[in-house]
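Structure assessment
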Number of protein chains: 2
Amino acid sequence: MRMGELSRRSGVSVPTIKYYLREGLLPAGTATGRNQADYGDGHLRRLRVIRVLIDVGGVSVTAAREVLAAIDDPDVVGHHLLGVAHHAVAPAARGRRDTEQWRAARAEVDAVVRRRGWAISPDAAALDHVADVICAARALGLDELLAGMDTYADAAELVARHDIDTVVTRAQRGGPGDEQALMVETVITGTVLGESLLTGLRLLAQEATSARTLGDER
Amino acid sequence: MRMGELSRRSGVSVPTIKYYLREGLLPAGTATGRNQADYGDGHLRRLRVIRVLIDVGGVSVTAAREVLAAIDDPDVVGHHLLGVAHHAVAPAARGRRDTEQWRAARAEVDAVVRRRGWAISPDAAALDHVADVICAARALGLDELLAGMDTYADAAELVARHDIDTVVTRAQRGGPGDEQALMVETVITGTVLGESLLTGLRLLAQEATSARTLGDER
């Protein structure tokens, strides 16, 4: 298809598609003339993944390029894909990590991981991220929130089991050869979209719970 | 305390504190001289809330100012606080909302809300947000993720119950007069920090589940 049709079918404007081509996020089409190229369904699909990463995941163009390179890398497989996806969506460090308070929070995270029996690579960025959150909550005296750590971990396990099932099921749906690409794409888009879904549903569930508990105060 | 001590105790630099004062996020201190002012524990506490909103919640300075105004508004109480907090942290609209696909996704959200028996105000931003996610997932053929909608909703309810308990318990901990301010602050910081906590724990739980399921592939 021509770029005009690619734009129409993807809902991404032509200037933006050209930008993604220049930035190397989208592979070039097959040249069919001096100023014309032909694009396939692969380009359409790739554009959708780019939009999920950038619009929903809030991932930078640079980070998106790294993630997309992983999608195309046949050496990144199975469990290791998760590291790539997590690296892309992991929030940047917040606040100082060289304080005594932070180290105490980090030790708390290790205790949660041990208690849950989770096998986690010691350099997983999420370990530090959770410590950042604990540190910030502690500084605000939000002890009640932190007292619910295991409730939060229960919820996280519930969705994580479903997430990993999704990755496995979906990879198997693709034919041979597709399996790898589908698995990487599912890990990345599922991580980003699943987070966004959970955020939205939590706000709704809070409103529903709050209406029952606090609604008659006014 | 002087501004230097406020900076030391909050971990926020003096230029940043001055910026927050200029932008009206932080109330002025009590003037003690031509170029000097005195700051209290209220300022320290407010600085911590600002950092949670901006650093953890990714909230803009303008949105943070609105939220802080709500903290100071005695007319915003109970269940209504939740609306203010949600408005501040709600993600902006993504993609087009005038398509048939989007309307179908929005109807799916209504079905979820009915099925769960959630009482939700029809103009809650999270309804549209969840529809955005469904639309994006559908475009990518991520049907397995969406098939787990009720698993996600179960997880959301689990944490929401704890979140609302946290708000109620913490508000009661403050003495009379403090109750209102503490409740608003807890809703806002708890919403932001809880989301971040859930994100981090989900990544860890995914890694743990993936290590069990996919770990021996390599």
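Predicted model only: the values in this text are computed from it and were never measured.

1. Comments concerning the environment of Ser13 of chain A
Residue and element names in this part refer to chain A. Locating Ser13 in the fold gives a position in the loop between helix H1 (3-10) and helix H2 (14-22). We classify Ser13 as partly exposed; its relative accessible area is 34%. Distance in space between the C-alpha atoms of Ser13 and Met3 is 9.6 Å, their sequence separation being ten residues. Among the polar contacts listed, one links the side chain of Ser13 to the side chain of Thr16, at a separation of 2.9 Å.

2. Details of the packing of aromatic side chains
Applying the stated criterion across every chain yields a total of two aromatic pairs over all chains. Ring geometry for Tyr19 of chain A versus Tyr20 of chain A: centroids 6.0 Å apart, planes at 45°, classification tilted.

3. Concerning the pattern of salt bridges
Across all of its chains, the model carries 28 salt bridges over all chains by this definition. With a closest N to O distance of 2.4 Å, Arg138 of chain A and Glu108 of chain A form a salt bridge. Of this pair, Arg138 of chain A sits in helix H7 (residues 125-139) while Glu108 of chain A sits in helix H6 (residues 100-116), and the two are 30 residues apart along the sequence. Arg138 of chain A sits in the partly exposed class, given a relative accessible area of 38%. In this structure, the salt-bridge partner of Arg97 of chain B is Asp132 of chain B, at a minimum N-O distance of 2.6 Å. Here Asp132 of chain B lies in helix H7 (residues 125-139) and Arg97 of chain B lies in the loop between helix H5 (79-89) and helix H6 (100-116), a separation of 35 residues in the sequence. Residue Arg97 of chain B is classed as partly exposed on the basis of its relative accessible area of 29%. What emerges from the salt-bridge pattern is a single network uniting Arg97, Arg106, Asp110, Asp128 and Asp132 of chain A.

4. Some words on the nonpolar core
Formed by 140 residues in total, the largest nonpolar core has its most connected members in Leu193, Leu201 and Leu204 of chain A together with Leu193, Leu201 and Leu204 of chain B. Those residues in contact with Leu201 of chain A, other than ones at most four positions away along the chain, are Trp118, Val130, Met149, Tyr152, Ala153 and Ala156 of chain B.

5. Observations regarding the interface of chain B and chain A
Interfaces are often sized by the accessible area lost when the parts come together. Between chain B and chain A, the contact holds 87 residues from the first and 87 residues from the second. Across the chain B to chain A interface the summed buried area is about 8400 Å²; carbon plus sulfur atoms make up 72%. Taken together, the connections running from chain B to chain A amount to two salt bridges. At the boundary of chain B and chain A, one finds 22 residue pairs in polar contact (both at pLDDT 80 or more). If you list the elements that add at least two residues to the side of chain B that touches chain A, you get helix H3 (41-56), H5, H6, H7, helix H8 (143-147), helix H9 (149-173) and helix H10 (178-214) of chain B. Take the side of chain B that touches chain A: its biggest share by element is 27 residues, from H10 of chain B.

6. Quick word on the packing of helix H9 (residues 149-173) of chain A against H9 of chain B
Where H9 of chain A contacts H9 of chain B, the axes come no closer than 9 Å and their chain directions differ by 170°. Taken together, the axis directions place H9 of chain A and H9 of chain B in an arrangement best described as roughly antiparallel. Across the interface between the two elements, Thr151, Tyr152, Asp154, Ala155, Leu158, Val159, His162 and Asp163 of chain A of H9 of chain A pack against Thr151, Tyr152, Asp154, Ala155, Leu158, Val159, His162 and Asp163 of chain B of H9 of chain B. Broken down by class, the residue content of the contact of H9 of chain A with H9 of chain B amounts to eight nonpolar, four polar and four charged.

7. Some thoughts on the relation of the copies chain B and chain A
Superposition record for chain B on chain A: RMSD 0.1 Å, screw rotation 180°, translation along axis 0.0 Å. The superposition operator between the copies reduces to a two-fold rotation axis. Scanning chain B for the C-alpha nearest the rotation axis identifies Ala155 of chain B, at a separation of 2.2 Å. Most of the interface of chain B is mirrored in chain A: 100% of its interface residues are interface residues there too.

8. A short note on H7 of chain B
Residue and element names in this part refer to chain B. Over its 15 residues, H7 extends 22 Å from the first C-alpha to the last, a length consistent with the 21 Å expected when each residue adds 1.5 Å. Among the 15 residues in H7, eleven count as buried, and that is most of the element. Backbone geometry just after H7 places Gly141 at a positive phi near 70°.

About the thresholds
- Position numbers for residues start from 1 in each chain and track the written sequence from start to end.
- To label them, take the chains in the order written and letter them from A, then take the ligands in the order written and number them from 1.
- Only residues with pLDDT of at least 70 get local features here, since the model is predicted, and only at 80 or more are side-chain atom pairs given and counted; chain-wide, interface and lining totals rely on the full set of residues.
- The basis for the side-chain values is all heavy atoms of the structure; hydrogens and waters are excluded.
- Runs of H or I in DSSP of at least four residues are treated as helices and runs of E of at least two as strands, each being numbered from the N terminus.
- The rule is simple: take the accessible area with a 1.4 Å probe, protein chains only, and divide by the maximum for that residue type; under 20% is buried, over 50% is exposed, in between is partly exposed.
- Polar contacts, as counted here, are pairs of nitrogen or oxygen atoms within 3.5 Å of one another; within protein the pair requires one atom able to donate a hydrogen and one able to accept it, and residues that are adjacent in sequence qualify only if both atoms are side-chain atoms.
- Classification of ring pairs rests on two measures: the distance between centres of Phe, Tyr or Trp rings, Trp counted by its six-membered ring, which must be within 6.5 Å, and the angle between planes, read as stacked under 30 degrees, edge-to-face over 60 and tilted in between.
- Put simply, a salt bridge is a Lys or Arg side-chain nitrogen that is within 4 Å of an Asp or Glu carboxyl oxygen.
- For the purposes of this section, nonpolar cores are sets of buried Ala, Val, Leu, Ile, Met, Phe, Trp, Tyr and Cys residues that join through side-chain atoms within 4.5 Å.
- Residue contacts follow a heavy-atom distance rule, with two residues in contact if any of their heavy atoms lie within 4.5 Å.
- Here's the idea: put two parts together, see how much 1.4 Å probe accessible area each one loses, and the total over both is what we call buried area.
- Every axis corresponds to a line fitted to the C-alpha atoms, with the helix fit spanning only the stretch in contact, and the corresponding angles, defined between N-to-C directions, vary from 0 to 180 degrees.
- Should an angle fall under 35 degrees it is called roughly parallel, over 145 degrees roughly antiparallel, and 65 to 115 degrees roughly perpendicular, with every other angle called oblique.
- Amino acids are sorted into nonpolar (Ala, Val, Leu, Ile, Met, Phe, Trp, Tyr, Cys and Pro), charged (Asp, Glu, Lys and Arg) and polar (every other residue, Gly among them).
- Least-squares superposition aligns the copies on the C-alpha atoms of those residues with pLDDT at or above 70 in both.
- Between the first and last residue of a helix there are one fewer steps than residues, each counted as 1.5 Å, and that sum is the expected span.

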